[in-house]
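# Fold and geometry: a report
Each chain, letter by letter, is given below.
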Amino acid sequence: MKPIIAVDANPFVSALIGGFSREILFAHHFEFITTEFTLAEVIRYIPYIAEKAGVSEEFVKSLLRFLPLK
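The structure reproduced in this document is the subject of the present report.

What counts and how
- Residues numbered from 1 in each chain as written.
- Predicted model: local features only at pLDDT ≥ 70, side-chain atom pairs only at ≥ 80, totals over all residues.
- Heavy atoms only, no water.
- Buried < 20%, exposed > 50% of the residue type's maximum accessible area, 1.4 Å probe, protein only.
- Helix = DSSP H or I, 4+ residues; strand = E, 2+ residues; numbered from the N terminus.
- Contact = heavy atoms within 4.5 Å.
- Axes fitted to C-alpha atoms, helices over the stretch in contact; angles between N-to-C directions.
- Parallel < 35°, antiparallel > 145°, perpendicular 65-115°, else oblique.
- Nonpolar A, V, L, I, M, F, W, Y, C, P; charged D, E, K, R; others polar.
- Salt bridge = Lys/Arg side-chain N within 4 Å of Asp/Glu carboxyl O.

## Some words on helix α5 (residues 57-66)
Given 3.6 residues per helical turn, the α-helix brings residues three or four places apart onto the same face. Here α5 has its buried residues at Val 60, Ser 62 and Leu 64. Looking at the buried residues of α5, the elements they touch are α1 (9-17), α3 (36-44) and α4 (46-53).

This is the structure we're talking about:
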């Protein structure tokens, strides 16, 4: 059984920008959970994330769908 870890918005934003948390989130050693509130917060920051990462907002939205979380 994988350890379950609750994640707030900061690691998701970092992962979407391309930070180290991306490697952790996709390591498959843990199960990640979050809340609808946290996801709403991340969605509010999509324009900022896109600008920092140098990609389109649509691309960031597609990446968000691939994050392994429940």
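## Here's the deal with the packing of α4 against α5
Each pair of packed helices gets described by two things: the angle between the helix axes and the distance between those axes. The contact between α4 and α5 brings their axes to 8 Å, and the two run at 105°. What the angle tells us is that α4 and α5 run roughly perpendicular. Judged by residue contacts, Ile 46, Pro 47, Ile 49 and Ala 50 of α4 engage Glu 57, Val 60 and Lys 61 from α5. Split by residue class, the contact of α4 with α5 holds five nonpolar, no polar and two charged.

## So, the pattern of salt bridges
For the structure on display, the rule yields two salt bridges. Of the charged contacts, one joins Lys 70 and Glu 31 as a salt bridge, the two residues approaching to 3.1 Å between their closest N and O atoms. Taken together, the positions of Lys 70 in the segment after α5 and Glu 31 in strand β2 (residues 31-33) put the pair 39 residues apart, joining distant regions of the chain. Residue classification places Glu 31 among the partly exposed positions, given a relative accessible area of 25%. Of the charged contacts in the structure, one is a salt bridge between Lys 61 and Glu 58, with a shortest N-O distance of 3.4 Å. Remark: Glu 58 and Lys 61 occur in helix α5; sequence separation between them is three residues, near one turn of the helix. What makes Lys 61 partly exposed here is its relative accessible area of 32%. By relative accessible area, Glu 58 is classed as exposed at 54%.

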